[in-house]
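Structure assessment
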Amino acid sequence: VAGEEDFFLEEKRFKQDCEEFIKHSQQIGDGWEWRTSKDFADGYLSKTHFQITSRNVSPDLKEKNNDNIEQTLFMHVEESLDDSQVDGVCAAAEVIRYEYHVLYSSSYQVPVLYFRACFLDGRPLTLDEIWKSVHACYQARLLEGPWDTITQQEHPLLGQPFFVLHPCRTNEFMSSVLTSSRKENRRTNYITSWLSFVGPVVGLNLPLSYA
Amino acid sequence: MTDDKDVLRDVWFGRIPTCFTLYQDEITEREAEPYYLLLPRISYLTLVTDKVKKHFQKVMRQEEVTEIWFEYEGTPLKWHYPIGLLFDLHASNTALPWSITVHFKNFPEKDLLHCHSKDVIEAHFMACIKEADALKHKSQVINEMQKKDHKQLWMGLQNDKFEQFWAINRKLMEYPPEDSGFRYIPFRIYQATTERPFIQKLFRPIAAGGQLHTLGDLLKDVCPSAITPEDGEKKTQVMIHGIEPMLETPIQWLSEHMSYPDNFLHISIIPRPTD
């Protein structure tokens, strides 16, 4: 596109922005951490969160995406005196464990979002099941977004199957974000900008305080 | 003197004699005979084993048959790795035929990608080709091609058509006359002993002074333990397509002539047999 330079994220900047991102995450207790491969040669961002999916569980329970989820669930259960009500809540609630990793691709010089989800008994969710858990409005965005859809791929550091949202045209939408912030002499955190765009599509939300 | 093009044919037509045996715990209506097949080194397990699947399905009850998967000596075989790579990495110094066990139950979700159709293999294959071209040409050559050219690469592989494949692939092996080679070399180095499935890094085929980097230079840079002899003896072999190329070989030449159809050099570091 005329006037916009193609911005490629260098690995050094990736690591710096990740470090800054983690610092803020620690301040607000958002749960992101930096992990390294066993040989310490490479690192990536990692976050795990639990989510309750159920029609019978009250809406405010569903919104919780942090460690308090189990506490909250049990509190609700204790409050109801009727045994049948307790059974109802437990049976209806399914807890899913989501795991998100942000890795750097040296081939494309962009970050890549890897994720997987499983039930508490270890059974992994299929792509279909994950798709269904994506909020309806984001399903539309996913279908029209600049990406090649979600596919299953081998995690390049762990060797295990993950789902990958790998937009082939990351540089296109990131260029405009970075060009405009450069014009305004604002330094943007690439990871924050990128993740706030691609994250919600797969159930990952960033609190506004990151900006 | 062997023409370089003969190397392309030798790589394409490499075969591994394989014996497929059904896992003993699979429930069958009668005894399952092993199935013998010559596997193309450059292809993928789930692309070339339709006959294997049919053979074993004949002795099984329909309801027992779910997604097929393969295993060698307890290790699930990743169908998305080329067959030649799997053999070199896991079984190259063992007696032929290669003995693979066939499973229809208990799919190892933590180890293997699903492969529900040929479309999944095609998508994976094309994704590798695109990544290779991102490294070689900043994606310029692959993006300039038409969809039918992409399709021809896949059809050439699927139907074992060397000429059809290379009519298009030769464009992916070219570089501007002012350069001496690709921008970066698409390669992956595998060692069965590491948690990390492979090593992949940016590596230029030409040094700043214009000299051609060699296979030895690549290994020294990204995987020095592979060629540094401990106590004077080389403990490992560096294998591509079942052979050990000389470490002095220019990596640009290797990339042009010994890449797999996905345009990557898949290199195995394996223990040297002691006999």
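Quick summary incoming for the structure in this document. (Residues numbered from 1 in each chain as written. Chains lettered and ligands numbered in written order. Predicted model: local features only at pLDDT ≥ 70, side-chain atom pairs only at ≥ 80, totals over all residues. Heavy atoms only, no water.)

Considerations on the overall build of chain B
- In terms of helices and strands, chain B carries ten helices and eight strands.
- Here the C-alpha radius of gyration of chain B, 20 Å, is about what a compact globule of 275 residues would show, namely 19 Å.
- The buried share among the 275 residues of chain B stands at 53%.
- A sequence separation of at least 24 residues applies to 72% of the contacts in chain B between residues at least 6 apart.
- Separation of charge centres in chain B, based on 32 positive and 40 negative side chains, amounts to 5 Å. (Helix = DSSP H or I, 4+ residues; strand = E, 2+ residues; numbered from the N terminus. Rg over C-alpha atoms; globule rule 2.2 N^0.38 Å. Buried < 20%, exposed > 50% of the residue type's maximum accessible area, 1.4 Å probe, protein only. Contact = heavy atoms within 4.5 Å. Lys, Arg positive; Asp, Glu negative; His and termini not counted. Charge placed at Lys NZ, Arg CZ, Asp CG, Glu CD.)

Remarks on unusual backbone geometry
Residue and element names in this part refer to chain B.
- Backbone torsion omega between Leu96 and Pro97 reads 0 degrees, so that peptide bond is classified as cis.
- Position of Pro97 among the secondary structure elements: in the loop between helix H4 (83–91) and strand E5 (98–103).
- One non-glycine residue, Asn106, lies in positive phi territory at about 55 degrees.
- Checked against the element boundaries, Asn106 lands in the loop between E5 and helix H5 (118–137).
- Even without glycine at this site, Asp160 takes up a positive phi of about 55 degrees.
- Along the chain, the position of Asp160 falls in the loop between helix H7 (147–158) and helix H8 (162–172).

Examining the packing of H5 of chain B against H8 of chain B
All names here are of chain B.
- Where H5 contacts H8, the two axes come as close as 11 Å, and the packing angle between them is 30 degrees. For the pair H5 and H8, the contacting residues are Phe125, Ile129, Asp133, Lys136 and His137 in the first and Phe165, Lys171 and Leu172 in the second.
- Residue classes in the contact of H5 with H8 are distributed as four nonpolar, one polar and three charged. (Axes fitted to C-alpha atoms, helices over the stretch in contact; angles between N-to-C directions. Nonpolar A, V, L, I, M, F, W, Y, C, P; charged D, E, K, R; others polar.)

Quick look at the nonpolar core
- Grouped together as the largest cluster of nonpolar side chains are 78 residues, with contacts concentrated most on Phe20, Leu45, Trp98, Val102, Phe125, Ile189 and Leu265 of chain B.
- Top element by residues in this core is H4 of chain B. It accounts for six residues.
- The contact partners of Phe125 of chain B, leaving out residues within four places of it in the chain, are Tyr44, Leu153, Trp154, Leu157, Phe165, Pro261 and Asp262 of chain B.
- Counting residues in each nonpolar core, the second largest holds 35 residues, with Trp32, Ile130, Phe163 and Tyr190 of chain A among its members. (Core = buried A, V, L, I, M, F, W, Y, C linked by side-chain atoms within 4.5 Å.)

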